[in-house]
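The chain contents come next:
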Amino acid sequence: MARSNRKVVPESRQMLDQMKYEIAAEFGLNVGYGGRRLAGADTEFGSELGEVSDHSYGQYKGWGHLTSRENGSVGGEITKRLIRQAEQHL
């Protein structure tokens, strides 16, 4: 069965993108936001929240240089947080 990345609520894209970059910063992953490094990213607790990569990603922008595990950890955390929010609102 084919998967679709179509959003049920298109207006949620901005919120999900913001959440994605916040989680990446918490995990200590060096990704750019819109071609820029995420300003004010707080990575102080990244090692406590998940495995922090020791790669030197200074020149990279975007997500392509990260491993599948690193990208998957961000997606998994987004899912956990969305489920937690949904359960709190029930």
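Just so it is clear, the model here is predicted, and its values are computed rather than measured. As a convention, each chain's residues are numbered from 1 in the sequence order in which they are written. Local features in this predicted model are restricted to residues whose pLDDT is 70 or higher, and side-chain atom pairs enter the listing and the counts only when it is 80 or higher, whereas totals over whole chains, interfaces and linings include all residues. Side-chain metrics in this entry use all non-hydrogen atoms of the structure; hydrogen atoms and water are not considered.

**Q** With reference to specific residues and values, describe the nonpolar core.
**A** We call a set of buried residues a nonpolar core when its members are Ala, Val, Leu, Ile, Met, Phe, Trp, Tyr or Cys and they connect through side-chain atoms within 4.5 Å of each other. The classification of residues rests on relative accessible area computed with a 1.4 Å probe and restricted to protein chains. Under 20% of the type maximum is buried, over 50% is exposed, and intermediate values are partly exposed. Within the largest apolar cluster, 11 residues are counted, these being Met-19, Tyr-21, Ile-23, Ala-24, Phe-27, Leu-29, Val-31, Trp-63, Leu-66, Val-74 and Ile-78. Put simply, DSSP marks the helices as runs of H or I at least four residues long and the strands as runs of E at least two long, and each gets a number from the N terminus on. The set of elements that each furnish at least two residues to this core consists of helix H1 (13-26) and helix H3 (68-88). Counting residues per element, this core draws most heavily on H1, which supplies four residues. Leaving out residues up to four positions away in the same chain, Val-74 has contacts with Lys-20, Ile-23, Ala-24, Phe-27, Leu-29 and Trp-63. The contact rule is simple, with two residues in contact once any of their heavy atoms fall within 4.5 Å.

**Q** Give a detailed account of the confidence of the model for the chain, specifying residues and quantitative values.
**A** pLDDT is defined as a per-residue confidence score from the predictor, taking values between 0 and 100. In this model, the chain carries a mean pLDDT of 75, and residues with pLDDT of at least 70 account for 64%. Confidence scores differ between elements of the chain, with strand S2 (residues 36-37) showing the lowest mean pLDDT of 41 and H3 the highest of 94. Below a pLDDT of 50 lies the segment residues 34-43, which in the model reaches 13 contacts outside its immediate sequence neighbourhood of four places, other chains included. Across residues 47-57, confidence stays below pLDDT 50; counting only partners more than four residues off in sequence or on other chains, it has 15 contacts.

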